[in-house]
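Examining the three-dimensional arrangement
Below, each chain spelled out in residue letters.
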Amino acid sequence: QVQFVASGGGLVQPGGSRRLSCVAAGSIMSLYRVGWFRQVPGKQRELVASISSNEVTNYADSVKGRFTISRDNAKNMVDLQMNSLKVEDTAVYFCNNVPAWDFWGQGTQVTVSP
């Protein structure tokens, strides 16, 4: 089984920044497009950003211009730099391949609040 381990979440004020990291155990990340997803209780996960093996990126309209996804294949890691955070960005953030495999980690909580 593959384990996607997301970290870096926490409490941040509106307008602040946060950097999330994702490491995949049991998967070679460089072979796949990898994405960051987020989920609010009671709602389905949504794809926020993704990056291909050749670093072609894609972003949801809600985060475009504020979030930046990057990857370090040598470290089997994908990061998400979040700037100008809004209260509506509050969610549990997950990483996974895109399309997602049915192996989800615990995610990391990002709370944007004054």
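Note: the structure precedes this text.
Here goes a summary of the coordinates provided. Here the structure is a predicted model, which means the values were calculated and not measured.

With that settled, consider the state of the cysteines. Tallied over the entire structure, the rule returns one disulfide. Paired by a disulfide, C22 and C95 hold their sulfur atoms 1.8 Å apart. Here C22 and C95 share a disulfide; its torsion about the S-S bond, 75°, makes the bridge right-handed. Residue C22 is found in strand β3 (residues 18–25), and its partner C95 is found in strand β9 (residues 91–97); the two are separated by 73 residues along the sequence.

This part is about the sheet that holds strand β6 (residues 57–59). Strands sit in the order β2-β10-β9-β4-β5-β6 across an open sheet of six strands; the sheet is mixed. Strands at the two margins of the open sheet, each flanked by one partner only, are β2 (10–12) and β6. Put simply, the sheet's adjacent strands are angled 25° from each other on average, direction ignored. With five bridges connecting them, strand β4 (residues 34–39) and strand β5 (residues 46–51) associate as antiparallel partners.

Opposite charge on two side chains permits them to pair, given that their charged atoms come into close proximity. Taken as a whole and judged by the stated rule, the model has four salt bridges. Across the pair R38 and E46 runs a salt bridge, and its minimum N-O distance is 2.8 Å. Residues R38 and D89 are paired through a salt bridge, measuring 2.9 Å at the closest nitrogen-oxygen approach. Residue R38 is found in strand β4, and its partner D89 is found in the loop between β8 (77–82) and β9; the two are separated by 51 residues along the sequence. Connected via shared salt-bridge partners are R38, E46, R66 and D89.

Right, let's get into the environment of W104. Here W104 lies in the loop between β9 and β10 (108–112). By relative accessible area, W104 is classed as partly exposed at 27%. Each C-alpha atom, one on W104 and one on Y59, is 20 Å from the other, the two residues being 45 residues apart in sequence. W104 has contacts with F37, R45, F94, C95 and N96, leaving out every residue within four places of it along the chain.

The rules behind the values
- Residues numbered from 1 in each chain as written.
- Predicted model: local features only at pLDDT ≥ 70, side-chain atom pairs only at ≥ 80, totals over all residues.
- Heavy atoms only, no water.
- Disulfide = S-S within 2.5 Å.
- Helix = DSSP H or I, 4+ residues; strand = E, 2+ residues; numbered from the N terminus.
- Pairing = 2+ DSSP bridges.
- Axes fitted to C-alpha atoms, helices over the stretch in contact; angles between N-to-C directions.
- Salt bridge = Lys/Arg side-chain N within 4 Å of Asp/Glu carboxyl O.
- Buried < 20%, exposed > 50% of the residue type's maximum accessible area, 1.4 Å probe, protein only.
- Contact = heavy atoms within 4.5 Å.

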